[in-house]
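Residue strings, one per chain:
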Amino acid sequence: MTVKLAIFDCDGTLVDSQANICMAMEHAFEAAGLPPPLRHDIRRVVGLSLVESMRVLLPEGDDICHHDLAEHYRAAFLKLRNNGLVDEPLYDGIAALLSELDEDGWHLGVATGKSDRGLIRCLDHHAIKGLFVSLQTPDRHPSKPHPSMVYQALADAGANASDAVVIGDTVYDIHMGRAAGTRTVGVNWGYHDVAELRAAGADYIAESIDDLKAYLKDFA
């Protein structure tokens, strides 16, 4: 029996978390005595692992600096959470889409730049964790666009790459899926422009949740 697998990115695809990420990143740089990056630049690195994000945002820094910034970010995000300031709403229509896919026999996975802890908290908060057969993060894998997370999701689901699709809002998601041999869908409600997703080689651009639903319904 063919196993169809949809692997979703989280930030910018399932949930809108840019406000939290930008605030935590600004606090991290300030804690290190550095001027914070522009929010446009912060949104550009959403999806990468923390250390890789710091390398992109501060290319002149060394490895110790990048790891220190990552720790400052974790501390800043935890402080925001403890103060009740973390808000990661699901995009409208995502919960219904996931439920319909599950009912239609799809296997679902997540491949994200979040930590294990952050991803679990997010999915539990929205009561959707049980819909996923595979949850992959940089805690156990190289950063996107390395295909390691997709390979593990395929193994967890017992799916072939030809029967799987990676769905995300950044070029890192598209490159990751292409490297793993899956089909790829870019969504237009996240943090990278549609033109960039097309240039990265996305097989399809979903202009809305309904558009994504129609594409997956016809997936064969």
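Structure's up top.
What counts, and at which threshold
Residues numbered from 1 in each chain as written. Predicted model: local features only at pLDDT ≥ 70, side-chain atom pairs only at ≥ 80, totals over all residues. Heavy atoms only, no water. Pairing = 2+ DSSP bridges. Helix = DSSP H or I, 4+ residues; strand = E, 2+ residues; numbered from the N terminus. Axes fitted to C-alpha atoms, helices over the stretch in contact; angles between N-to-C directions. Contact = heavy atoms within 4.5 Å. Salt bridge = Lys/Arg side-chain N within 4 Å of Asp/Glu carboxyl O. Buried < 20%, exposed > 50% of the residue type's maximum accessible area, 1.4 Å probe, protein only. Core = buried A, V, L, I, M, F, W, Y, C linked by side-chain atoms within 4.5 Å. Phe/Tyr/Trp six-rings, centres within 6.5 Å; stacked < 30°, edge-to-face > 60°. Lys NZ or Arg CZ within 6 Å of the ring centre and 35° of its normal. 1 Å grid on protein atoms, 1.4 Å probe; cavity = no way out; pocket = protein on both sides within 12 Å on 5 of 7 lines; lining within 4 Å. Points joined across faces, edges and corners; volume = space filled by probe spheres on them. Nonpolar A, V, L, I, M, F, W, Y, C, P; charged D, E, K, R; others polar.

Asker: Hey, could you run me through the sheet that holds strand β1 (residues 5-8) in this one?
Answerer: Strand-to-strand pairing in sheets goes through backbone hydrogen bonds, with the strands running parallel or antiparallel. Taken in spatial order, the six strands line up as β3-β2-β1-β4-β5-β6 in an open sheet, and their pairing is parallel. Pairing within the sheet leaves two strands with one partner each, and these edge strands are β3 (134-136) and β6 (204-206). Averaged over all neighbouring strand pairs, the angle between strand axes comes to 20°, with direction disregarded. The pairing of strand β2 (residues 107-111) with β3 spans three bridges and is parallel. Note on β3: the bridge partner recorded for Gly109 is Ser134. This element, helix α8 (residues 171-180), spans β2, β4 (164-168) and β5 (183-187) of the sheet and lies at about 170° to β5.

Asker: How should the pattern of salt bridges be read in this particular structure?
Answerer: Between side chains of opposite charge, pairing is possible as soon as their charged atoms come close. Using the criterion set out here, one finds 13 salt bridges in the structure. Between Arg55 and Glu52 there is a salt bridge; the shortest N-O distance is 3.1 Å. Note that Arg55 and Glu52 are positioned in helix α3 (residues 50-57) at a spacing of three residues, about one turn of the helix. Here Arg55 falls in the partly exposed class, since its relative accessible area comes to 34%. A relative accessible area of 26% places Glu52 in the partly exposed class. Overlapping salt bridges, with partners in common, bring together Asp9, Lys144 and Asp173 in one network.

Asker: What's the story with the nonpolar core in this structure? I'm lost.
Answerer: In summary, soluble globular proteins display a tendency toward joint burial of nonpolar side chains. If you look at the biggest cluster of nonpolar residues, it comprises 62 residues, and the most contacted ones within it are Phe8 and Phe132. Discounting chain neighbours no more than four positions away, the residues touching Phe132 are Leu14, Leu98, Leu108, Gly109, Val110 and Leu123. Counting 14 residues, the second-largest nonpolar core is a separate cluster that includes Val3, Ala157, Ala159 and Ala180.

Asker: Even after reading the chapter, I still don't get the environment of Asp203, so can you show me in this structure?
Answerer: Positionally, Asp203 belongs in the loop between α9 (194-199) and β6. Each C-alpha atom, one on Asp203 and one on Thr184, is 5.3 Å from the other, the two residues being 19 residues apart in sequence.

Asker: What's the story with the packing of aromatic side chains in this structure? I'm lost.
Answerer: Aromatic ring pairs are reported here in terms of the distance separating the ring centres and the angle at which the planes meet. Tallied over the full model, the rule gives five aromatic pairs. Aromatic pair Tyr204 and Tyr215: ring centres 4.7 Å apart, planes at 20°, arrangement stacked. Of this pair, Tyr204 sits in strand β6 while Tyr215 sits in helix α10 (residues 209-217), and the two are 11 residues apart along the sequence. On the basis of relative accessible area, Tyr204 is assigned to the partly exposed category, the value being 28%. Over the ring of Phe219 we find Arg183, and its NZ or CZ is 3.7 Å from the ring centre.

Asker: Is there a simple way to explain the layout of surface pockets in this structure?
Answerer: Estimates place the volume of the largest pocket at around 600 Å³. In terms of lining, the largest pocket is formed by 26 residues, of which the most central are Leu50, Tyr73, Gly113, Lys114 and Ser115. Sort the elements by how many residues they give to the lining of the largest pocket and helix α4 (residues 63-82) lands first, with five residues. Considering only residue class, the lining of the largest pocket consists of 12 nonpolar, six polar and eight charged.

Asker: Got a minute to help me understand the environment of Phe77 in this structure?
Answerer: Along the chain, Phe77 turns up in helix α4. Separated by 59 residues in sequence, Phe77 and Gln136 place their C-alpha atoms 20 Å apart. Residues contacting Phe77, with those up to four places away along its chain left out, are Asn20, Ala24, Val86 and Glu88.

Asker: Explanation requested: unusual backbone geometry in the structure shown.
Answerer: A negative phi angle is the norm for most residues apart from glycine, just as the trans form is the norm for most peptide bonds. With an omega dihedral of 10°, the bond running from Lys144 to Pro145 counts as a cis peptide bond. Its location among the elements puts Pro145 in the loop between β3 and α7 (148-157). With a phi angle near 60°, Ala127 is a residue other than glycine that sits in the positive phi range. Following the sequence through the fold, Ala127 ends up in the loop between α6 (116-125) and β3. Residue Ala127 is classed as exposed on the basis of its relative accessible area, which comes to 68%.

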